[in-house]
Amino acid sequence: MSWAKNFWGYKTGKMKKIVIIGGGINGLIAANYLAKEKYDVTVVEKKSFTGGACIKDSAVIQNKEIDFAYGATVLGMMPDFIFSETGLDKLIETFYPKTPKLVYFPDSKKSTRIFQNNKELDVELEQEWGEKGDTLGFRNDENKVINYIQHIYKNAISPSIEHAENFLGKDNTDLWVRGSAKDLLDHYFTSEKTKLYMGMTVIESGPASIYDPGTAFTIPLMDSGSVFNGYWGYVKNGIWKISENLTEINKNLGVKFSLNSNIENINTEKGLISYNSNGVINELNYDHLLFATDPKAPGELLNNETIKSKNSKLNYLGSSGKVTAFFKNPVKWVESNKNPEYDTSFRFFFSNNTLEEFETASQNASKKVADYCPGYIQVYAEGGAQRKMNNDEHLDKIILFTKNLSFDKSAEKIDDVKEKIISRVMPHIKNPEDLVFSKFLTPKDLNETFYFPEGNIDHMTLDGNQNFDKRTFSSNANNFYKYYDFDNIYYCGAGSFPCGSVAGTPGYMCAKQLIRSDQ
Ligand SMILES: Cc1cc2nc3c(=O)[nH]c(=O)nc-3n(C[C@H](O)[C@H](O)[C@H](O)COP(=O)(O)OP(=O)(O)OC[C@H]3O[C@@H](n4cnc5c(N)ncnc54)[C@H](O)[C@@H]3O)c2cc1C
């Protein structure tokens, strides 16, 4: 199926050539599935290494070097079948906390526990937040939607409202896919705090409004990974081991990598790209060309004014940033006396008490009212998780991943914001004096480091116009990943369906659709 055919339609014995521009997680996953179908695959990457935003950084702290996650930190959205079919499961050790997530609001030092068991969760939400709504009904319906999302992932089905209605029924599609996050949350819950916790992922990619139709879908979407059954967890040593191992797996499958490569020209008539690699101009023919970059790059590289103009009208604004905090002794959480296993729990620190305050903060961030409009901070206990996997490092690490940062300034210009983020979490740590170093990244830094448009970790905001069936550039109903009108050019970076994340789902779905249409 992946053999080239001559003018008369006979197979020529030559493998079809695929060029993938961009060696992040999506380029690597697409390369893996295409190489296994016997395509001749070359990945052309601008940087001197693969991995995109799933790479490591390192620092010398207390005279010793330590590695840490530069961009992505936690694994969760990857489908289990991608993890196993690529062979990553044989090479990567993982851990995910089974303990409840812990949620803190400004008016309480005590956490509310988000149990994985729905009955326990139901009781906790009623006791702690006075929830009188239908938590069990919400989880039940959410699971139906997640099953549906996982079904379209696995079978590489283009998302469409019609298909969703056939699977979920009209009411659930209206509520969970077409609807706004606000309507979805009001439908199931009475407590503002439950709504805030359950709805916070609406601003995962950037300051989407909870009132925007189509934003409800982001809520089940963020739990639609299956590598840990919908939960999030850690990779031994660090998440960059995913990209490093995948690169090696791909090399063994015959995928060629051209690093340090700047595309000079793409001749779409001839199916030819030329690029400069370390001062040498190379040319490559392609039968299919995949862009696994951010979605703006292809318009620039194709030098196509119409596409550039269309792309300029999309919403890219990102508002995420992260502080990696290093402690010379293991972090002692105030609440771990409840249960020592809670040391590795995910923690969420809100600065708002109501959905309306949350909305105001995220929209103020998008209007650049301030450098930082506090909403919530997710805390990843990376060091604690590493110890669970018998990786004892000389420093403990926690990651404070936050939203509602404005795009204007790099971290070095807003040290006060870093302090504000750290000081929201520190009262919950018994040994704050052990903090020895911290590194802060803002959306502007993410733009400069990873080329993310406007610093968006999903390459494009998950607003209602860029979610589910609308998250495509394709003019071709049968192939969701085609790039505009081109027959043999595709886009499968984080700006395509479903979204960003160290999942590789866009790369997988694009590869599967390409293979299918090529048969
Ligand atoms: C700070 C931060 C924290 C995050 N946290 C998490 C997390 O904890 N968990 C999670 O799952 N996700 C997380 N994410 C999101 C996740 O990292 C990204 O969504 C995902 O890595 C995107 O993968 P990608 O392959 O689509 O794109 P990228 O990783 O952006 O890769 C694109 C590749 O294309 C290359 N490229 C670009 N232009 C060109 C060109 N002209 N020619 C050749 N090559 C080019 C780039 O160098 C890059 O290697 C985080 C991201 C950031 C930045």
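Within every chain, residues take consecutive numbers counted from 1 along the sequence as written. In keeping with the predicted nature of the model, local features appear solely for residues at pLDDT of at least 70, side-chain atom pairs appear and are counted solely at 80 or more, and the whole-chain, interface and lining totals rest on all residues. The basis for every side-chain value is the complete set of heavy atoms in the structure, and neither hydrogens nor water enter the calculation.

## Description of the overall build of the protein chain
Next, step 1: Comment: elements are numbered from the N terminus, with helices defined as DSSP H or I runs of at least four residues and strands as E runs of at least two. Tallying secondary structure elements over the protein chain gives 18 helices and 21 strands in all.
Next, step 2: By the compact-globule yardstick of 24 Å for 519 residues, the protein chain fits well, its C-alpha radius of gyration being 23 Å.
Next, step 3: Projected onto the principal axes, the alpha-carbon positions of the protein chain cover approximately 75 × 60 × 45 Å.
Next, step 4: The proportion of buried residues among the 519 residues of the protein chain is 61%.
Next, step 5: We call two residues in contact whenever any of their non-hydrogen atoms come within 4.5 Å of each other. The long-range fraction of contacts in the protein chain, counting pairs at least 24 apart against all pairs at least 6 apart in sequence, stands at 71%.
Next, step 6: Total accessible area on the protein chain is roughly 20300 Å²; 46% of this is exposed by carbon and sulfur atoms.
Next, step 7: As used throughout, the charge tally considers Lys and Arg to be positive and Asp and Glu to be negative, leaving His and the chain termini uncounted. Note that the charge is assigned to NZ on lysines, CZ on arginines, CG on aspartates and CD on glutamates. Mean positive and mean negative side-chain charge positions of the protein chain (60 and 66 charges, respectively) differ by 3 Å. With C-alpha atoms as the basis for the radius of gyration, the globule rule is written as 2.2 Å multiplied by the number of residues raised to the power 0.38. Partly exposed residues are those whose accessible area sits between 20% and 50% of the maximum for their type, while under 20% is buried and over 50% is exposed, using a 1.4 Å probe and protein chains only. Shrake-Rupley sampling with a 1.4 Å probe provides the accessible areas, and residues are treated as covered by the protein chains on show and by no other component.

## Quick look at the pairing of strand β16 (residues 321–327)
Strand residues, when the strand is regular, have side chains that alternate between the two faces of the sheet.
Next, step 1: Extensive coverage of β16 is indicated by the burial of seven of its seven residues.
Next, step 2: Side chains G321, V323, A325 and F327 of β16 all project onto a buried face; the interleaved residues K322, T324 and F326 project onto the opposite face, where all are buried too.
Next, step 3: Of the pairings in the sheet, the one linking β16 to strand β19 (residues 396–402) comprises seven bridges and is antiparallel in character. Looking across to β19, one finds that G321 is bridged to T402. Strand pairing is assigned whenever DSSP detects at least two bridges linking the two strands.

## A word on the pattern of salt bridges
Next, step 1: The salt bridge criterion pairs a side-chain nitrogen of Lys or Arg with a carboxyl oxygen of Asp or Glu, the two atoms within 4 Å. What the rule picks out here adds up to 28 salt bridges.
Next, step 2: Of the charged contacts, one joins K170 and D174 as a salt bridge, the two residues approaching to 2.7 Å between their closest N and O atoms. Note that K170 and D174 are positioned in helix α7 (residues 170–178) at a spacing of four residues, about one turn of the helix.
Next, step 3: According to the relative accessible area criterion, D174 is partly exposed, its value standing at 27%.
Next, step 4: The shortest N-O distance in the salt bridge between E204 and K403 comes to 3.4 Å. Residue E204 is found in the loop between α9 (192–199) and α10 (218–221), and its partner K403 is found in the loop between β19 and α16 (415–425); the two are separated by 199 residues along the sequence.

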